[in-house]
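Breakdown of the fold
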Amino acid sequence: MTAANGQNKQETRLKLLRTAMQLYAKDGLHGVSLRAISAASGSRNSAAMHYHFTNRSGVMQALLDMIYGEVSRLAKEQNLAGKVRACNDLREAMRLTLMPLVTLSREIEWGPDAIVLLARILAEADEELAHLNNRYNQSFYQYADTELARLLPELNAQSRRLRLIFMTVNIFHGFADLAALAHTPFGDLSTIDDDQLLEELVDYLHNGLTGP
């Protein structure tokens, strides 16, 4: 294979993944066929997704590689782990921990779709997807649990871990559902700026973690 052919193959693969992410975020994880993704990507080969990823499990693994790889890069770029370990204020530690997701959503073209996709995975009662997702975020949960134990020593392990899981679900659904703020029972709340939204979310999560 020539270098040009290798580059073209990689570009095609990336286009298919970005199309898959967009369609899964929009229409759900079970509402989109691999052939539909191939067609929406503009590929002339209706079996392009099968060729590159074999099946839906292969697609999901490639998507999670892409998403968590970018989140990990942003966390390292922002020296997240070092800043959190040096922080003795729970609220600030939580804000710092959310920053890679905020950056992903704000600055990466496919970031908003990635957040919605992860929220959908968390909401699905799909053992295979949960197992796959856990393979990618297990180390994060261990790290977060260690830091929470340090910052909330009075909270027992079971409550701490349950609240951490609740918090994670709320984070992803909170980011994913921002568009719904334009149509709340209180009217349009979407005019609030992104930084204030982040602070409100951090306050909400902080109070949930520290409640009796």
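Residues numbered from 1 in each chain as written. Predicted model: local features only at pLDDT ≥ 70, side-chain atom pairs only at ≥ 80, totals over all residues. Heavy atoms only, no water.

**Some remarks on the side chain of Thr168**
Note that Thr168 resides in helix H9 (residues 157–176). Accessibility expressed as a relative area gives 8% for Thr168, which makes it buried. For Thr168, the side chain forms a polar contact with the main-chain oxygen of Leu164, separated by 2.9 Å. Leaving out residues up to four positions away in the same chain, Thr168 has contacts with Leu122 and Tyr141. (Helix = DSSP H or I, 4+ residues; strand = E, 2+ residues; numbered from the N terminus. Buried < 20%, exposed > 50% of the residue type's maximum accessible area, 1.4 Å probe, protein only. Polar contact = N/O pair within 3.5 Å; in protein donor to acceptor, adjacent residues only side chain to side chain. Contact = heavy atoms within 4.5 Å.)

**Overview of helix H8 (residues 127–151)**
If you look at H8, its biggest bend is around 55°, right at Asn137. Taken together, the buried positions of H8 are Leu129, Leu132, Asn133, Tyr136, Asn137, Tyr141, Tyr143, Ala144, Asp145, Glu147, Leu148 and Leu151. The inward-facing, buried residues of H8 abut helix H4 (56–77), helix H5 (80–85), helix H6 (90–107), helix H7 (111–123), H9 and helix H10 (194–210). Its side-chain oxygen 3.1 Å from the backbone nitrogen of Glu128, Asp126 forms the N-cap of H8. (Bend = angle between axes of the 7 residues up to and from the residue.)

**With respect to the packing of aromatic side chains**
Evaluation of the coordinates by the stated rule reveals 3 aromatic pairs. Look at Tyr68 and Tyr136: their rings are 5.6 Å apart centre to centre, the planes differ by 15°, and that puts the pair in the stacked class. Residue Tyr68 is found in helix H4, and its partner Tyr136 is found in helix H8; the two are separated by 68 residues along the sequence. Exposure class is identical for Tyr68 and Tyr136. Each is buried. With centroids separated by 6.1 Å and ring planes inclined at 50°, the aromatic side chains of Phe140 and Tyr143 adopt a geometry described as tilted. Of this pair, Phe140 and Tyr143 both sit in helix H8, 3 residues apart, roughly one helical turn. Exposure remark for Phe140: the relative accessible area of 32% places this residue in the partly exposed category. A connected cluster of aromatic rings, assembled from ring pairs, spans Phe140, Tyr141 and Tyr143. (Phe/Tyr/Trp six-rings, centres within 6.5 Å; stacked < 30°, edge-to-face > 60°.)

**Observations regarding H4**
In this model, H4 (22 residues) spans 31 Å end to end at C-alpha, consistent with the 32 Å of a helix rising 1.5 Å per residue. Those residues of H4 that fall on the buried side of the exposure criterion are Val59, Met60, Ala62, Leu63, Leu64, Met66, Ile67, Tyr68, Glu70, Val71, Leu74 and Ala75. Here H4 starts with a cap whose side-chain oxygen sits 3.2 Å from the backbone nitrogen of Ser57, and that cap is Asn55. Two residues or fewer past H4, Asn79 is found with a positive phi of approximately 50°. (Expected span 1.5 Å × (residues − 1).)

**A few points about the confidence of the model for the protein**
Chain-level statistics for the protein give a pLDDT mean of 90 and a share of 97% at 70 or above. Per-element averaging of pLDDT across the protein places helix H1 (residues 3–27) at the bottom with 87 and H4 at the top with 95. (pLDDT = per-residue confidence, 0-100.)

**A word on unusual backbone geometry**
Here the phi dihedral of Thr54 falls at roughly 75°; this positive angle occurs in a residue that is not glycine. Tracing the backbone through its elements, the reader meets Thr54 in the loop between helix H3 (48–53) and H4. You can call Thr54 exposed: its relative accessible area is 55%. Look at Asn79: it is not a glycine, yet its phi comes out positive at around 50°. Relative to the helices and strands, Asn79 resides in the loop between H4 and H5.

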